[in-house]
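Descriptive analysis of the structure
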Amino acid sequence: MPEHLSDAAELGHRFGQTAALVVPTLIGAGLWIAWLIVGNLQGLLFTGYGRALLLKVFLVALLMILAAANKLRFVPAMQSGEAKAARHLARSIEAEAIVVLVVLATTATLTSVLTLPS
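Residues numbered from 1 in each chain as written. Predicted model: local features only at pLDDT ≥ 70, side-chain atom pairs only at ≥ 80, totals over all residues. Heavy atoms only, no water.

Observations regarding the overall build of the protein chain
A tally of regular secondary structure across the protein chain gives four helices and zero strands. Counted from the first residue to the last, the protein chain has its helices and strands arranged as α-α-α-α. Relative to a compact globule of 118 residues, whose C-alpha radius of gyration would be 13 Å, the protein chain shows 18 Å and is clearly more extended. If one aligns the C-alpha atoms of the protein chain with their principal axes, the spans along those axes are about 55 × 25 × 20 Å. Relative to all contacts within the protein chain whose residues are 6 or more apart in sequence, the contacts with residues 24 or more apart total 65%. Entry remark: accessible area of the protein chain is about 8000 Å², with carbon and sulfur atoms responsible for 72%. Taking the 8 positively charged and 6 negatively charged side chains of the protein chain as two groups, their mean positions are separated by 11 Å. (Helix = DSSP H or I, 4+ residues; strand = E, 2+ residues; numbered from the N terminus. Rg over C-alpha atoms; globule rule 2.2 N^0.38 Å. Contact = heavy atoms within 4.5 Å. Areas by Shrake-Rupley, 256 points an atom, 1.4 Å probe, with all protein chains shown as cover. Lys, Arg positive; Asp, Glu negative; His and termini not counted. Charge placed at Lys NZ, Arg CZ, Asp CG, Glu CD.)

Some thoughts on the pattern of salt bridges
Under the defined criterion, the tally for this structure stands at one salt bridge. Here Arg-73 makes a salt bridge to Glu-82, at a shortest N to O gap of 3.6 Å. By relative accessible area, Arg-73 is classed as partly exposed at 43%. (Salt bridge = Lys/Arg side-chain N within 4 Å of Asp/Glu carboxyl O. Buried < 20%, exposed > 50% of the residue type's maximum accessible area, 1.4 Å probe, protein only.)

So, a nonpolar patch on the surface
Where nonpolar side chains cluster on the molecular surface, the patch consists of Trp-32, Ile-33, Leu-36, Ile-37 and Leu-116 and spans about 520 Å² of accessible area. Ile-33 gets classed as partly exposed once you look at its relative accessible area, which sits at 42%. (Patch = residues over 30% accessible without salt bridge, like charges linked within 9 Å, V, L, I, M, F, W, Y side chains within 5 Å.)

Observations concerning the confidence of the model for the protein chain
On average, residues of the protein chain score 87 in pLDDT, and 96% of them are at 70 or above. Here helix H1 (residues 5–38) stands out as the element of the protein chain with the lowest mean pLDDT, 83, in contrast to helix H4 (residues 83–112), whose mean of 93 is the highest. (pLDDT = per-residue confidence, 0-100.)

Now the structure itself:
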């Protein structure tokens, strides 16, 4: 709604600032744990577990691209008063939600269906 554009833009800006600190830490921790679990390039490329892990990494990278578009394009446009930007941001967030569901499904598969590489 146009009357909430400024507040939404401010919230998006603050969220982006926090995420810029938290997300790299989570990615680093995830990569470190993944390396501890998989152990080597063979385990990553030639096991079902490794391939599912690569899919999860790809999906998280896709989330980072969507998040960058939100932070660098849509939120600044909203701060400038561009009403269309709010619709674009909402669609981007909807797309992110779908990708997050696929990430969660992949994580469920990793933790309950696939066996760890030996």
